[in-house]
Amino acid sequence: MQSGVTLFDWIYHYPLAVSVCDRKGIIIAMNRLAEENFKAWGGRALLGKSLFDCHPEAANAVIRRMLEEESANTYYTSNKGRRKLVHQCPWYNSNGEFAGLVETIVPMPAEASTFERG
């Protein structure tokens, strides 16, 4: 343990779905909600699988671009009247080297407010 820092597995019970892939698009981590979110496609069994086997070609083109450019992608999706914000962004290892992508899925309540600042 570092001074003042406690290590714990906070992400597994984090209240948003979080998935992580490496530089080649291989799924290397999923928290509990991501496992539940993707249960119909295998849930936890997706670990070690390629993102490219899980998406149509249009989405694969976006994934390839993000991996090549170390770039982010954000969009809304809607299913059965439920909106979700999907944010995909690069992550970097402890040496500061690009290591892959993290996807976070945020359920958006219908009554979500927008605050204009400044």
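Let me begin by describing the structure that accompanies this report. The model shown is predicted, which means the values in this text are computed figures rather than measured ones. (Residues numbered from 1 in each chain as written. Predicted model: local features only at pLDDT ≥ 70, side-chain atom pairs only at ≥ 80, totals over all residues. Heavy atoms only, no water.)

**Observations concerning the packing of aromatic side chains**
Summed over the entire model, instances satisfying the criterion amount to 3 aromatic pairs. Taken together, a centroid distance of 5.3 Å and an interplanar angle of 85 degrees make the contact between W10 and Y14 edge-to-face. Here the aromatic rings of Y92 and F98 are separated by 6.0 Å at their centres, their planes lie at 65 degrees, and the arrangement is edge-to-face. Across the ring face of Y76, the terminal group of R83 is positioned such that the distance to the ring centre comes to 4.1 Å. (Phe/Tyr/Trp six-rings, centres within 6.5 Å; stacked < 30°, edge-to-face > 60°. Lys NZ or Arg CZ within 6 Å of the ring centre and 35° of its normal.)

**What to know about the sheet that holds strand β3 (residues 73–79)**
Strand order in the open sheet formed by 5 strands is β2-β1-β5-β4-β3, and the pairing between neighbours is antiparallel. In this open sheet, the two edge strands, each paired with only one partner strand, are β2 (27–30) and β3. The sheet shows a mean angle of 20 degrees between the axes of neighbouring strands, direction not considered. The sheet contact formed by strand β4 (residues 82–92) and strand β5 (residues 98–108) spans 10 bridges and is antiparallel. Its bridge partner being in β5, L85 is matched across the sheet by V106. (Pairing = 2+ DSSP bridges. Helix = DSSP H or I, 4+ residues; strand = E, 2+ residues; numbered from the N terminus. Axes fitted to C-alpha atoms, helices over the stretch in contact; angles between N-to-C directions.)

**Notes on the nonpolar core**
Soluble globular proteins: nonpolar side chains tend toward being buried together. Ranked by size, the top nonpolar core spans 14 residues in total, and within it C21, I27, M30, L51, I63, L67 and L101 carry the most contacts. Taken together, the elements giving at least two residues each to this core come down to β1 (17–22), β2, α2 (57–69) and β5. Setting aside residues up to four positions removed in sequence, I27 forms contacts with V20, C21, L46, L47, G48, K49, L51 and C54. (Core = buried A, V, L, I, M, F, W, Y, C linked by side-chain atoms within 4.5 Å. Buried < 20%, exposed > 50% of the residue type's maximum accessible area, 1.4 Å probe, protein only. Contact = heavy atoms within 4.5 Å.)

**Re the pattern of salt bridges**
The tally for this structure, following the rule as stated, stands at 4 salt bridges. Across the pair R32 and E36 runs a salt bridge whose closest N-O atoms are separated by 3.5 Å. With R32 and E36 both in helix α1 (residues 32–37) and 4 residues apart, this pair spans about one turn of that helix. Accessibility expressed as a relative area gives 26% for R32, which makes it partly exposed. Residue classification places E36 among the partly exposed positions, given a relative accessible area of 48%. A salt bridge links E35 to R44, with the shortest nitrogen-to-oxygen separation between them at 2.4 Å. (Salt bridge = Lys/Arg side-chain N within 4 Å of Asp/Glu carboxyl O.)

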